[in-house]
Amino acid sequence: MQVTPISGALGAEIGGVDITRPLAEPQVAEIRQALLDHQVIFFRDAHFTPEAYMRFASYFGTPVEYPLIRGIPGFPMITEIVKHEHERSNFGGVWHADTTYLPEPPMGTILNGLEVPPYGGDTMFASQYLAYESLSETMRGLLDGLVGVSSSAKADVSKTREDMISNAGDGAAQPHDYRAEHPAVRTHPETGRKALYVNFAHTAQFKGMTEAESAPILNFLFQHQVKPEFTCRFSWRADSVAFWDNRVVQHNPVNDYHGFRRVMRRITLAGDRPV
């Protein structure tokens with residue numbers, strides 16, 4: 001197995017292993033360590049059947065259903081994300097960590113590219129370890145005592161109208177109101193490192209503050225935590241796979257491929273309550 005970093009901040013491409021086949025325990029351990037070391041890892045030429053995709057994901061955690069999208073037939077834990085040629089908005093097209101509006105957000109997400117545009121459609125990732133560690137001691141001390149309030153209602157701005165209608169099932173978009181409170185800085189349960197844990201898509205305010213009082217701090221953080229020096233960028237090919245640690249990584253699918261179809265499948269892995 002070869003692990004090749006793709007940037008100075010985070011991200012590594014892994015070769016020399018066929019993740020569509022059953023893996024031995026040492027291979028699983030090595031892949032998991034690469035994820036902890038690099039925060040997001042990538043594979044190429046992984047032509048998954050749904051069964052093989054579920055098997056690979058289950059080595060690293062418990063697949064769970066996504067709260068806002070139905071799974072594919074026979075596999076409720078595998079969600080399909082499609083942007084059609086005529087659509088201008090893409091699903092999740094802002095910087096975010098997945099579903100922080102849940103009490104126990106996922107520990108990780110695995111994304112498999114089935115059909116990708118001939119160019120564009122990259123995904124960017126940002127290390128929240130580096131975002132936290134680069135702050136001043138005074139700002140870190142302030143944030144260590146704050147609790148962020150996440151809301152799924154804020155996430156609806158990044159959903160396409162077509163997705164909302166098709167998921168509602170009755171021709172009209174249905175409101176969702178998931179809310180959760182999490183520390184603004186979380187400690188990774190495996191590495192012990194601290195990371196920023198607010199994000200533009202879901203964090204609405206700080207507990208005990210009004211939205212207006214929270215906004216100056218949050219707006220600063222939203223810009224700070226995705227500085228170029230904290231990021232990497234992945235260019236998709238068909239059958240590529242990205243696996244990121246949702247506890248310490250944010251991502252942003254770049255919406256620069258209008259007129260082309262893009263089809264991805266995703267599995268999210270159960271997480272724990274951030275502390």
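Just so you know, the residues in each chain are numbered from 1, in the order the chain's sequence is written. Thresholds applied to this predicted model are a pLDDT of at least 70 for local features of residues and 80 or more for the giving and counting of side-chain atom pairs; totals over whole chains, interfaces and linings are not thresholded and use all residues. In computing side-chain properties, one takes all heavy atoms of the structure into account and sets aside hydrogens as well as water.

## Let's talk about the overall build of the protein chain
Of the regular secondary structure elements, the protein chain holds 6 helices and 17 strands. The C-alpha radius of gyration computed for the protein chain amounts to 18 Å, which stays within 12% of the reference 19 Å derived for 275 residues, consistent with globular compactness. The principal-axis extents of the C-alpha atoms in the protein chain amount to approximately 50 × 50 × 30 Å. Type-normalised accessible area, obtained with a 1.4 Å probe on protein chains alone, sets the label of each residue: buried when under 20%, exposed when over 50%, and partly exposed for intermediate values. For the protein chain, with 275 residues in total, the buried portion stands at 51%. It only takes one pair of heavy atoms within 4.5 Å for two residues to be counted as in contact. For the protein chain, restricting intrachain contacts to residue pairs at least 6 apart in sequence, the fraction spanning at least 24 positions comes to 83%. Here the accessible surface of atoms and residues is derived via Shrake-Rupley with a 1.4 Å probe, and residues count as covered only by protein chains that are part of the display. Taken as a whole, the protein chain presents about 12,000 Å² of accessible surface, with 52% of it coming from carbon and sulfur. Runs of E in the DSSP output that reach at least two residues are strands. Runs of H or I that reach at least four are helices, and both are numbered from the N terminus. Computation of the radius of gyration draws on C-alpha atoms alone. For the globule rule, the value is 2.2 Å times the number of residues to the power 0.38.

## Comments concerning unusual backbone geometry
Positive phi is not limited to glycine here, since D45 has a value of about 55°. Along the chain, D45 turns up in the loop between β3 (40–43) and α2 (50–58). Notably, D239 is not glycine yet its phi reads approximately 75°, a positive angle. You can see D239 is positioned in the loop between β14 (231–234) and β15 (241–245).

## Looking at the environment of E137
Of note, E137 is situated in helix α4 (residues 137–143). On the accessibility criterion, E137 (66% relative accessible area) is exposed. A C-alpha to C-alpha distance of 31 Å links E137 and F243, two positions 106 residues apart in sequence.

## Digging into the sheet that holds strand β9 (residues 147–151)
Here, strands pair whenever DSSP counts at least two bridges between them. Strand order in the open sheet made by the 3 strands is β10-β9-β13, with antiparallel pairing throughout. In the strand order of this sheet, the two ends are held by β10 (179–183) and β13 (203–206), each with one partner. Across the sheet, the mean angle from the axis of one strand to that of its neighbour is 30°, orientation sign disregarded. Both β9 and β13 contribute to a ladder of 3 bridges, which runs antiparallel. Between N-to-C directions, angles span 0 to 180 degrees; the directions come from axes that are lines fitted to C-alpha atoms, helices contributing only their stretch in contact.

## A closer look at the sheet that holds strand β8 (residues 123–127)
Strand order in the open sheet formed by 3 strands is β14-β8-β16, and the pairing between neighbours is antiparallel. What marks the edges here is a single partner per strand, and that holds for β14 and β16 (249–253). Strand-to-strand twist of the sheet, defined as the mean angle between neighbouring strand axes without regard to direction, takes the value 20°. The pairing of β8 with β16 spans 5 bridges and is classified as antiparallel. Across the sheet, residue F125 finds its bridge partner in β16, namely H251.

## Describing the environment of I14
Mapped onto the secondary structure, I14 falls in strand β2 (residues 12–15). For I14, a relative accessible area of 4% corresponds to the buried category. Linking I14 and D256, residues 242 residues apart in sequence, is a C-alpha distance of 26 Å. Each residue touching I14, except ones within four places of it in the same chain, is listed here: M1, Q2, V3, A34, I41, F42 and F43.

## Considerations on the nonpolar core
Residues belong to one nonpolar core when they are buried, are Ala, Val, Leu, Ile, Met, Phe, Trp, Tyr or Cys, and are joined through side-chain atoms within 4.5 Å. I19, F43 and F56 are the most contacted members of the largest nonpolar core, which has 26 residues in total. Looking at this core, the elements with two or more residues in it are α1 (25–38), β3, α2, β15 and β17 (262–269). Among the elements that line this core, the one with the most residues is α2, at 5 residues. Beyond its immediate sequence surroundings of up to four residues, F56 is in contact with I19, L23, I31, F43, F48 and I110. Counting 16 residues, the second-largest nonpolar core is a separate cluster that includes L111, Y129, W236 and V249.

## Regarding the confidence of the model for the protein chain
Mean pLDDT over the protein chain works out to 92, with 92% of the residues at or above the 70 mark. Within a predicted model, pLDDT stands for the predictor's per-residue confidence, ranging from 0 to 100. Low pLDDT, under 50, characterises residues 168–173; the predicted model gives this stretch 6 contacts beyond four residues in sequence or across chains.

## What about helix α6 (residues 211–224)?
Here the expected span of a helix is defined as 1.5 Å times the quantity of residues minus one. Its 14 residues give α6 an end-to-end C-alpha distance of 19 Å, which sits within 8% of 20 Å, the value for a rise of 1.5 Å per residue. Where α6 bends most, at I217, the angle is about 30°. By the burial criterion, the buried members of α6 are S214, I217, L218, L221, F222 and H224. At its buried positions, α6 is contacted by α3 (128–133), α4, β12 (194–196) and β13. We define the bend at each residue as the angle formed by axes fitted to the 7 residues ending at it and the 7 residues starting at it.

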